[in-house]
Amino acid sequence: MELDGRVTGRTQLIGLLGNPVEHSVSPQLHNTISRYLQKDLLYMAFKVEKDNLGDAVKGLKALNVLGFNVTIPYKRDIMAYLDDISEDAARIGAVNTVKNVGGKLLGSNTDADGFARSFQKQTGSDMRGKRVLLLGAGGAARAIAVKAIAEGASAVYVANRTETKAVELVEAVQRGASCELHGCSLEEIRDRDLFLSMDVIVNTTSVGTYPKVQECLLEASTVFRSDQVVVDIIANPAVTRLMELARSYGCTTQNGLGMLFYQGILAYEAWTEERLPEDVVEMAFKAFQNVLNKAD
Ligand code: ATR
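Residues numbered from 1 in each chain as written. Predicted model: local features only at pLDDT ≥ 70, side-chain atom pairs only at ≥ 80, totals over all residues. Heavy atoms only, no water.

Trainee: Is there a simple way to explain the overall build of the protein chain in this structure?
Mentor: The helix and strand inventory of the protein chain stands at 10 helices and 12 strands. For the protein chain, the C-alpha radius of gyration of 20 Å lies close to 19 Å, the compact-globule estimate for 296 residues. Its C-alpha atoms give the protein chain principal-axis dimensions of about 65 × 40 × 30 Å. Split into buried and exposed, the 296 residues of the protein chain put 47% on the buried side. Sequence separation of 24 or more characterises 70% of the internal contacts of the protein chain that already satisfy a separation of 6 or more. Looking at the protein chain, you have 32 positive and 37 negative side-chain charges, and the mean spots of the two groups are 2 Å apart. (Helix = DSSP H or I, 4+ residues; strand = E, 2+ residues; numbered from the N terminus. Rg over C-alpha atoms; globule rule 2.2 N^0.38 Å. Buried < 20%, exposed > 50% of the residue type's maximum accessible area, 1.4 Å probe, protein only. Contact = heavy atoms within 4.5 Å. Lys, Arg positive; Asp, Glu negative; His and termini not counted. Charge placed at Lys NZ, Arg CZ, Asp CG, Glu CD.)

Trainee: Honestly, the pairing of strand β9 (residues 180-185) in this entry has me stumped. Any pointers?
Mentor: For a regular strand, side chains alternate in direction, first toward one face of the sheet and then toward the other. Two elements, strand β8 (residues 155-160) and β9, share six bridges in a ladder whose sense is parallel. Its bridge partner lying in β9, Tyr-157 is registered against His-182. Between β8 and its parallel partner β9, the chain crosses via helix α6 (residues 163-173), and the hand of that crossover is right-handed. (Pairing = 2+ DSSP bridges. Right-handed = clockwise from strand over helix to strand, strands pointing away.)

Trainee: What is the right way to look at the environment of Leu-60 in this model?
Mentor: By secondary structure assignment, the location of Leu-60 is in helix α2 (residues 53-62). By relative accessible area, Leu-60 is classed as buried at 7%. Remark: the alpha-carbon pair of Leu-60 and Leu-13, spanning 47 residues in sequence, is separated by 9.1 Å. Apart from residues no more than four positions distant in its own chain, Leu-60 is found in contact with Leu-17, Val-65 and Phe-68.

Trainee: Any chance you could explain a negative patch on the surface here in plain terms?
Mentor: On the surface, a cluster of negative charge is contributed by Glu-163, Glu-188, Asp-191 and Asp-193. Residue position: Asp-191 is located in the loop between β9 and α7 (192-196). Residue Asp-191 is classed as partly exposed on the basis of its relative accessible area, which comes to 41%. (Patch = residues over 30% accessible without salt bridge, like charges linked within 9 Å, V, L, I, M, F, W, Y side chains within 5 Å. Areas by Shrake-Rupley, 256 points an atom, 1.4 Å probe, with all protein chains shown as cover. Salt bridge = Lys/Arg side-chain N within 4 Å of Asp/Glu carboxyl O.)

Trainee: Hey, could you run me through the packing of helix α4 (residues 111-123) against helix α5 (residues 139-150) in this one?
Mentor: Packed helices, taken two at a time, are described by the angle between their axes plus the distance between the axes. Interaxial distance between α4 and α5 falls to 8 Å at its minimum, and their mutual angle equals 60 degrees. One finds that α4 runs oblique with respect to α5. The element α4 and its partner α5 pack so that their crossing is right-handed. Across from Ala-112, Asp-113, Phe-115 and Ala-116 in α4, the residues of α5 making contact are Ala-143, Ile-144 and Lys-147. Looking at the contact of α4 with α5 residue by residue, the class counts come to five nonpolar, no polar and two charged. (Axes fitted to C-alpha atoms, helices over the stretch in contact; angles between N-to-C directions. Parallel < 35°, antiparallel > 145°, perpendicular 65-115°, else oblique. Left-handed = near helix turned anticlockwise from the far one by under 90°. Nonpolar A, V, L, I, M, F, W, Y, C, P; charged D, E, K, R; others polar.)

Trainee: What am I meant to see in the sheet that holds strand β4 (residues 84-85) here?
Mentor: The strands that make up a sheet pair up through hydrogen bonds in the backbone, lying either parallel or antiparallel. Sheet architecture is open: six strands sit in the order β2-β1-β3-β5-β6-β4, paired in mixed fashion. Edge positions in the sheet fall to β2 (41-47) and β4, since each has one partner strand and no second. Across seven bridges, the pairing between strand β1 (residues 12-18) and β2 is parallel. Opposite Leu-17, over in β2, you have Phe-46 as the bridge partner. Taken strand by strand, α2 contacts β1, β3 (67-70) and β6 (104-108), and its axis lies near 170 degrees from that of β1. Packed on one face of the sheet, helix α9 (residues 257-272) meets β1, β2, β3 and β5 (97-101) and runs near 5 degrees to β5.

Read these as spatial facts, not as claims about activity.
Following this line, the structure appears as structure tokens:
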């Protein structure tokens, strides 16, 4: 027998707090990168009950972990237990990454930047000057709206089943924004000219996720412009009904894998304070895709 040297007395811990966490691919992603780069870090997922969230955070702080991720359903609740929150995370109203800086826990949000980095990677550009339509008005929509405004989108429309929530989202993010902002119902964006005036369309809801893969927030009769970019933040299936529909008009489409992947990469870079080499990111993305494409 040989002693296993992967975890030693010097290994630093990174955690994930959420419920459930069993299906998270983050431990595999982060530990693969750490092993490849020979960084003495260990990423562990912890399923935490709601009543224990405060104690869990206190515990991680006392153990002096390097940092942790936060996932559903605690991205909002976690903010009450942190020492400071980045401006972006405060605007988005959610934290998914926490970094231990000299014993203080600082919360940030890499979901929006993850979306932007993935968008940039696929399209070669950012959202500057673009008319962006977001379908849905939950946490993901708010993060992407904040990012689209920050990148200089010329318009951000939020269309939602419950119109009041779309209007509230727009009100929550409009401070300091110079672009056109509008919250509306899903019916309103059925207007053909309005829909065709959009450059980027993002489904931020879970509608169309496995196993209900035939569902789609847009009607089958929707007409797209071939130069519209259509993003679905769903990762499973890899090609959603919405993406299929858009592809039939020649649109560039993108699923949610990139956003999921890059939010993790950005968190890793925040904890280690180093930009990951591009070739490592590429390799990790392929491995990440393989794991998720095998999952049901
Ligand atoms: P998250 O924080 O992950 O973005 P959320 O806050 O639960 O998720 O938001 C879910 C979004 O998906 C909401 O905009 C919701 O619309 P409502 O505000 O009307 O509830 C939208 N959504 C979920 N299921 C839907 C469905 N079957 N049809 C239309 N919209 C749906």
